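Architecture at a glance
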Amino acid sequence: MNEKVEKYIKEMFSSNREVMSNPTCYVYDLEEITRRIEEIKRFKLNNVSLYYAMKANPNMDVIRHVLSHDTVSGIEIASVGELNIARRSGLDSDLRVLFTGPGKTPIELREVIRSKIRFINVESVVEAIRINNIAENEGIDVVDVLLRVNIDYFLDGASEYMAGMSTKMGIDQSRFFEDYEIISKLKHIKVCGFHVFAADGVLDYEVLLKYTDFVFKFVKEAELIVGKVNVIDFGGGFGIDYTKAGRTFDTKAYFEGLDTLMRKYSFEDKEFILELGKYIVGSAGYYATRIVDIKECKGMKHIVTAGGVNHMRLPIATDRKHPVYIIKMGIPKLYEKQIEVSNETVDIEGPLCMTEDKISWDEKIQSASIGDIVVLTQSGAYCYSASTLWFLSHQLPLELILI
Ligand SMILES: Cc1ncc(COP(=O)(O)O)c(C=O)c1O
């Protein structure tokens, strides 16, 4: 684990009053976020725009920090609630916002149409008709949209799939031309391009490039009917490594490959949008929680921590473990025979009254005692906000910002 972060967590759990009374927290390392954005800046092509998918981590300080980089063109939101957080975090213009999501309500649509965001990513004919009706009622001439298409391509090698199979996202490619005929007649809708986000958590850049090739072929074909479009929104998908092997997404090779594809299809004049979440903030986050008990039961040891799936649901929900580290705190034993862990395989579980409350499992631990801190790294994306925070009404984890 990063030494600076380890030292900070140890200090917080030793001397910070708030952490000592509520011993679970997320730590976000802003320097790491900067490193990720700088990496994109170094290699990205001129026609690529980077947006932050704030669903990955809607912490205000994190959003503010992400937006402080010129490389970031704006924010991708999935609700008006996110839009309001982004505004409170200092977003200077709604024109820097893209809105995606399969169940936008008419009220949400009216809000973003009135405030004139950059693009609404339209997911169905119904949604397009609603947007058109709202624009008509509001006296708004034109709403710029991208059409989200569920492309007929299964991009093998991701951790979660949004498309390439039967899902609720976007318009199925097989229906696209039929649906487009209806959409094209809506006088307040301007189709500026396509949105094709298909999968999350792809570590191998070649997998994304193969999918991009397929997408570009679709766009070429679609342009024969739709006319020339200026924007292809690829969505997110750059993965991070959840093992201790520390593999990274090869950003340089990815953009080199993308450049080749742009030339192959003569798409250099189109804007290619990336809406990245996990890649920007995933490796910057740490979940830390104190060990409150260690038990031995029917031949196996259980480490019980102050926080569980109420704070960190994703590992068990997606059957994907995070790297685990133990910070030794040297807390005296309560009694002589108090159980400790020494070079053993254990489960690490929270305080909830359900056995699936595990933040890690089958984990080989060198040494752990009551009072030590369990740290799960790679916890900056889809962790805090994707947890069952109110279940059993425990305190919420603190969110600490490491500058
Ligand atoms: C529409 C959309 N864009 C972007 C993202 C961000 O994806 P990632 O975190 O994999 O970069 C998501 C994630 O679910 C999404 O639904």
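Residues numbered from 1 in each chain as written. Predicted model: local features only at pLDDT ≥ 70, side-chain atom pairs only at ≥ 80, totals over all residues. Heavy atoms only, no water.

Here helix α8 (residues 176-183) crosses helix α9 (residues 205-226) at 40°, and the two axes come no closer than 11 Å. When the axis of α8 is compared with that of α9, the two are oblique. By crossing handedness, the relation of α8 to α9 is classed as right-handed. Contacts from Phe176, Phe177 and Tyr180 of α8 reach α9 at Phe218, Ala222, Ile225 and Val226. By residue class, the composition of the contact of α8 with α9 is 7 nonpolar, no polar and no charged. (Axes fitted to C-alpha atoms, helices over the stretch in contact; angles between N-to-C directions. Helix = DSSP H or I, 4+ residues; strand = E, 2+ residues; numbered from the N terminus. Parallel < 35°, antiparallel > 145°, perpendicular 65-115°, else oblique. Left-handed = near helix turned anticlockwise from the far one by under 90°. Contact = heavy atoms within 4.5 Å. Nonpolar A, V, L, I, M, F, W, Y, C, P; charged D, E, K, R; others polar.)

Here the focus is the pattern of salt bridges. Overall, the coordinates contain 29 salt bridges when judged by the stated rule. A salt bridge links lysine 321 to glutamate 363; the shortest N-O distance between them is 3.5 Å. Here glutamate 363 lies in strand β17 (residues 358-368) and lysine 321 lies in the loop between α12 (314-318) and β15 (324-327), a separation of 42 residues in the sequence. Taken together, the shared-partner salt bridges connect Lys4, Asp29, Glu31, Glu32, Arg35 and Arg36 into one network. (Salt bridge = Lys/Arg side-chain N within 4 Å of Asp/Glu carboxyl O.)

Another aspect to go through is the packing of aromatic side chains. By the definition in use, this model includes 23 aromatic pairs. Between phenylalanine 216 and phenylalanine 272, the ring centres sit 6.0 Å apart and the planes meet at 85°, which makes this aromatic pair edge-to-face. Of the two residues, phenylalanine 216 is situated in helix α9 and phenylalanine 272 in strand β12 (residues 271-276); the sequence distance between them amounts to 56 residues. The pair phenylalanine 216 / phenylalanine 272 is uniform in exposure class, with both members buried. Consider the rings of phenylalanine 249 and tyrosine 279, whose centres lie 6.3 Å apart with planes at 75°: the pair is edge-to-face. Of this pair, phenylalanine 249 sits in the loop between β11 (231-235) and α10 (251-264) while tyrosine 279 sits in helix α11 (residues 278-281), placing them 30 residues apart in sequence. Accessibility expressed as a relative area gives 3% for tyrosine 279, which makes it buried. One aromatic cluster is present, formed by Tyr153, Tyr211, Phe214, Phe216, Phe234, Tyr265, Phe267 and Phe272 through successive ring pairs. Taking the ring centre of phenylalanine 267 as reference, the NZ or CZ of lysine 270 above it sits at 4.7 Å. (Phe/Tyr/Trp six-rings, centres within 6.5 Å; stacked < 30°, edge-to-face > 60°. Buried < 20%, exposed > 50% of the residue type's maximum accessible area, 1.4 Å probe, protein only. Lys NZ or Arg CZ within 6 Å of the ring centre and 35° of its normal.)

Attention now goes to the site of the ligand. Every one of the 15 residues lining the ligand counts as a neighbour, but Asp200, Glu275, Gly277, Lys278 and Tyr382 are closest to it. Within the side chain of tyrosine 382, one N or O atom sits 2.5 Å away from an oxygen atom of the ligand. Grouping the constituent residues of the shell around the ligand by class yields 5 nonpolar, 5 polar and 5 charged. (Near = heavy atom within 4 Å. Polar contact = N/O pair within 3.5 Å; in protein donor to acceptor, adjacent residues only side chain to side chain.)

The next subject is the environment of glutamine 378. The residue glutamine 378 is located in the loop between β18 (373-376) and β19 (398-402) in this model. With relative accessibility at 14%, the residue glutamine 378 sits in the buried group. For the pair formed by glutamine 378 and alanine 284, sequence separation is 94 residues and the distance between their alpha carbons is 6.7 Å. Residues within four places of glutamine 378 in sequence aside, it is in contact with Ile240, Asp241, Tyr242, Gly282, Ser283, Gly285, His322 and Pro323.

With that out of the way, let us pick up unusual backbone geometry. You will see that leucine 392, though not glycine, has its phi angle at about 75°, which is positive. On the secondary structure map, leucine 392 appears in the loop between β18 and β19. Although it is not a glycine, serine 393 sits at a positive phi angle of roughly 55°. By the secondary structure assignment, serine 393 is in the loop between β18 and β19.

The next subject is the domain arrangement of the chain. For an interface, size is often stated in terms of accessible area lost upon the parts coming together. Once the domains are mapped, the chain shows domain 1 (3-27 + 283-402) and domain 2 (93-276). For domain 1 versus domain 2, the distance between C-alpha centres works out to 38 Å. With 9 residues of domain 1 in contact, the opposing surface of domain 2 contributes 6 residues. When domain 1 packs against domain 2, close to 680 Å² is buried across both sides, 53% of that on carbon and sulfur atoms. Looking only at domain 1, the three residues that lose the most surface to domain 2 are Arg320, Pro323 and Gln378, adding up to 57% of its buried area. If you look at where domain 1 meets domain 2, you find 0 salt bridges. Put simply, domain 1 and domain 2 have 2 residue pairs in polar contact (both at pLDDT 80 or more) between them. Its residues assigned to classes, the side of domain 1 that touches domain 2 comprises 4 nonpolar, 3 polar and 2 charged. (Domains from an automatic or database assignment. Buried area = accessible area lost by both parts, 1.4 Å probe.)

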